[in-house]
Amino acid sequence: LLRHAKSSKDVPGISDADRPLNSYGKKQIQAVGKALKKRKIAPQEIYSSPAKRALDTAKGVAQKVGFPVSRIKTVKGMYQSSVPELLKVIQNMDDAIDEVMLVGHNPEFLNLANDLLPDGIEVFPTCGVLCIDFEVEAWRKAAKGKGRIGFFEILEK
């Protein structure tokens, strides 16, 4: 799970879905991309919320880890969603895929993490990356309390 980078707030005449990243957010993308590349993270798929700030984050990180930007899939249900909607995205993934990245928002990602992890997490900051591992033979079996933290990359301000 990758929470989108820091975005501009209260831009007159722009809807929430169209809010752009701010300059700090663009720096966050570079830093998290570098950290993921160092970890040799190579997602087979990237699914993103269609909101501008999430999709721009997905594109920036994809470039850093060598994932083709043209293959990013936007999922309408990942914007202003709920834990059941996000879990449905995960459970409907192709079982041939071992590593996937979801790019989205809070509080949805924090709530999802706290549903999937037995002990949960306290915060999910902008451009934080939480790797959740599942020891299941099919994505449809990913469920409440079944995940464990592979790593949690949080950028320092």
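Structure: see above.
The text that follows walks through the structure, step by step, so that each part is easy to find. (Residues numbered from 1 in each chain as written. Predicted model: local features only at pLDDT ≥ 70, side-chain atom pairs only at ≥ 80, totals over all residues. Heavy atoms only, no water.)

**Quick look at the packing of aromatic side chains**
One pass over the full model with this rule turns up 3 aromatic pairs. Seen in terms of ring centroids, F109 and F124 are 6.1 Å apart; in terms of plane orientation they differ by 50°. Their pairing is tilted. Of this pair, F109 sits in helix α4 (residues 108-116) while F124 sits in the loop between α4 and β5 (129-134), placing them 15 residues apart in sequence. With respect to burial, F109 and F124 carry one shared label: buried. (Phe/Tyr/Trp six-rings, centres within 6.5 Å; stacked < 30°, edge-to-face > 60°. Helix = DSSP H or I, 4+ residues; strand = E, 2+ residues; numbered from the N terminus. Buried < 20%, exposed > 50% of the residue type's maximum accessible area, 1.4 Å probe, protein only.)

**What to know about the environment of G128**
When you line up the elements, G128 lands in the loop between α4 and β5. For the pair G128 and D16, spaced 112 residues apart in the sequence, the C-alpha separation amounts to 20 Å. If we skip the residues at most four places from it in the chain, G128 touches L1, L2, R3 and E153. (Contact = heavy atoms within 4.5 Å.)

**Describing the side chain of R53**
With respect to the helices, strands and loops of the structure, R53 is situated in helix α2 (residues 52-65). According to the relative accessible area criterion, R53 is buried, its value standing at 4%. Within the structure, R53 has its side chain in polar contact with the backbone oxygen of D16 (distance 2.5 Å). The residues contacting R53, other than those within four sequence positions of it, are H4, S7, D16, A17, R19, L21, Y79 and H105. (Polar contact = N/O pair within 3.5 Å; in protein donor to acceptor, adjacent residues only side chain to side chain.)

**Points about the nonpolar core**
Formed by 25 residues in total, the largest nonpolar core has its most connected members in M78, I90 and L102. Looking at this core, the elements that each hand over two or more residues are α3 (83-91), α4 and β5. Ignoring sequence-local partners within four residues, the contact set of M78 consists of Y47, S48, S49, L86, V89, L102, V103, H105 and F109. Judged by nonpolar contacts, the second largest core, of 21 residues, contains A5, V32, V65 and F67. (Core = buried A, V, L, I, M, F, W, Y, C linked by side-chain atoms within 4.5 Å.)

**A few points about a positive patch on the surface**
On the surface, a cluster of positive charge is contributed by K34, K37, K38 and K64. Element by element, the count of residues in the positive patch is highest for helix α1 (residues 23-38), at 3 residues. Relative to the elements of secondary structure, K38 occurs in helix α1. (Patch = residues over 30% accessible without salt bridge, like charges linked within 9 Å, V, L, I, M, F, W, Y side chains within 5 Å. Areas by Shrake-Rupley, 256 points an atom, 1.4 Å probe, with all protein chains shown as cover. Salt bridge = Lys/Arg side-chain N within 4 Å of Asp/Glu carboxyl O. Lys, Arg positive; Asp, Glu negative; His and termini not counted. Charge placed at Lys NZ, Arg CZ, Asp CG, Glu CD.)

**So, α3**
Buried residues of α3: V83, L86, L87, V89 and I90, and no others. End-on view of α3: buried residues confined to an arc of 150°, all on one side of the axis. Of the residues in α3, the exposed ones pointing more than 90 degrees away from the buried face are P84 and K88. Where α3 is buried, its residues contact β4 (100-104) and α4. (Arc of directions from axis to C-beta.)

**Details of the packing of α3 against α4**
Running from N to C, α3 and α4 point in directions that differ by 70°, and their axes come no closer than 9 Å. Looking at the two axes, α3 sits roughly perpendicular to α4. Note that α3 runs across α4; the crossing there is right-handed. Between α3 and α4, the contacting residues are V83, L86, L87 and I90 on the first element and E108, F109, N111, L112, D115 and L116 on the second. Split into classes, the residues belonging to the contact of α3 with α4 amount to 7 nonpolar, 1 polar and 2 charged. (Axes fitted to C-alpha atoms, helices over the stretch in contact; angles between N-to-C directions. Parallel < 35°, antiparallel > 145°, perpendicular 65-115°, else oblique. Left-handed = near helix turned anticlockwise from the far one by under 90°. Nonpolar A, V, L, I, M, F, W, Y, C, P; charged D, E, K, R; others polar.)

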